[in-house]
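Below are the chains, spelled out letter by letter.
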Amino acid sequence: MLDSGTIERFEKISTPFYYYDMDLLRRTVDTVAELSARHNLRVHYAVKANADSRILGYISSKGFGADCVSGNEVLHAYECGFPADKIVYAGVGKSDKEIHDAMKLGIEAFNCESLQEIFVINEMAREYDMVANVSVRINPDIDAHTHKYVTTGLYENKFGISQHEFDKLIELLDKSRNINFIGLHFHIGSQITRVAEVFALECERVNEIVSYFEQNGLKVKNINLGGGLGVDYDDPDGNPIPDFETWFSTIDRKIARRPDQAVHVEPGRSMVAQCGTLISRVVFVKSGETKNFLILDAGMNDLIRPALYGAYHRIENLSAQMRPFFGSHQAYDIVGPVCESSDVWGAGRLLPLSVRGDLMAIRSTGAYGQVMASRYNMKDLAPAVFSDRLDDAPRNNDYFKII
Ligand SMILES: *Cc1c(COP(=O)(O)O)cnc(C)c1O
């Protein structure tokens, strides 16, 4: 919830911008630190959710590792304070250069997603006379009960190695001299809301798969269960900190581990989504044939989730909160300026009477927001503005004077 003092200061800042509530970030990260210690889990933050340097700096300062999915993420995580031996690197299509750079940095592990990748990493390690730590990502064929674009653990998905290749995989690992096999990796999807049910199922399946590998002579030292904890997009003020306790305690209860086995998790969205808000202004109000449109200066180039997978974000009129409330709520189709019909923030949203220049908050945008921004239509990239450095933000240029 944004207080009136903050909203007043927003008036002076040029829009659109990503606002990060650093106090909420700290409280969330500290909660994860405390609960993961209690349940004996190691945490690697999934950098792709939000790669801002200050955010990464805070997370790395708490002793977490990083889960990366590209060579640039590996290098950036390292520059932002994550020690190389706490960086793991997943992804189905690592290029030779990306593998080379990560190997030279001495990362904790490559999370390999195909037999050919393991072969290539072994060959490259041999060339450099090194031994690379490898964890193998398994596709456990589990339905995460989430949106089909963010489901990753079904056989129809491109991620991980499936059961039909297990025997070939074991054979390959056995003969790969420049690879040190350290464990198994899983990540079944994102924005999982049936937390206890889905993660209990994942653990049961993981227990079976770990046993299979161990029975076949491979020592599984690390069991990495990936990320996926969902956040409350409907009620960000009611649930600012996601339910890490249910997630971690389900894993703690259900995973079969020996004292010499470490269990890892990789939260992304759940650590950063609620601390971010995309702040925008109403550029024009337009009465259509059947609807009223609010046209904002933020669009799908700033935040692609609604256009890409129909994601819901709560939208609030901040300026209206500062005025005496008169009249009733109105239904608006809230849209962006980009020349695509999918550039819609929300249809039929009820808001107080809204006018040109009003500040609008698009909530829960700290994850998969700024990192996915593009310059489509040659728009400028929306900058990050931090709650503890509001005075550093770019000044408003008084463009909304003509009402
Ligand atoms: C994206 C990703 C995550 C993080 O997922 P969230 O749903 O954001 O928690 C974790 N692990 C891997 C391998 C990923 O690709």
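Scroll up for the structure.
Parameters and conventions
- Residues numbered from 1 in each chain as written.
- Predicted model: local features only at pLDDT ≥ 70, side-chain atom pairs only at ≥ 80, totals over all residues.
- Heavy atoms only, no water.
- Helix = DSSP H or I, 4+ residues; strand = E, 2+ residues; numbered from the N terminus.
- Buried < 20%, exposed > 50% of the residue type's maximum accessible area, 1.4 Å probe, protein only.
- Polar contact = N/O pair within 3.5 Å; in protein donor to acceptor, adjacent residues only side chain to side chain.
- Contact = heavy atoms within 4.5 Å.
- Pairing = 2+ DSSP bridges.
- Axes fitted to C-alpha atoms, helices over the stretch in contact; angles between N-to-C directions.

## Quick look at the side chain of histidine 39
And then number 1: Within the secondary structure, histidine 39 sits in the loop between helix H2 (22–38) and strand S2 (42–46).
And then number 2: Looking at histidine 39, the relative accessible area reads 8%, which means it is buried.
And then number 3: One polar contact links histidine 39 to glutamate 245, side chain to side chain, over a distance of 3.1 Å.
And then number 4: Histidine 39 has contacts with Glu245, Phe248, Ser249, Asp252 and Arg257, leaving out every residue within four places of it along the chain.

## A word on unusual backbone geometry
And then number 1: Of note, the bond from threonine 15 into proline 16 is cis; its omega dihedral lies within 30 degrees of zero at -5°.
And then number 2: Note that proline 16 resides in the loop between helix H1 (4–10) and strand S1 (17–20).
And then number 3: Positioned with a positive phi, aspartate 129 is a non-glycine residue whose angle comes to about 55°.
And then number 4: Structurally, the position occupied by aspartate 129 is in the loop between helix H6 (115–127) and strand S6 (132–137).
And then number 5: Here asparagine 377, not a glycine, exhibits a phi torsion of approximately 70°, which is positive.
And then number 6: Here asparagine 377 lies in the loop between strand S15 (359–362) and strand S16 (384–386).
And then number 7: For asparagine 377, a relative accessible area of 33% translates into the label partly exposed.

## Here's the deal with the sheet that holds S2
And then number 1: Strand order in the closed barrel formed by 8 strands is S2-S3-S4-S5-S6-S7-S8-S9, with parallel pairing between adjacent strands. Sheet twist, expressed as the average angle between the axes of neighbouring strands with direction ignored, equals 30°.
And then number 2: Two elements, S6 and strand S7 (residues 179–185), share 6 bridges in a ladder whose sense is parallel. Considered in S7, the bridge of asparagine 133 is made with asparagine 180.
And then number 3: Most of the contacts of H6 go to strand S5 (residues 109–112), to which it runs at about 150°, and overall it touches S5, S6 and S7.

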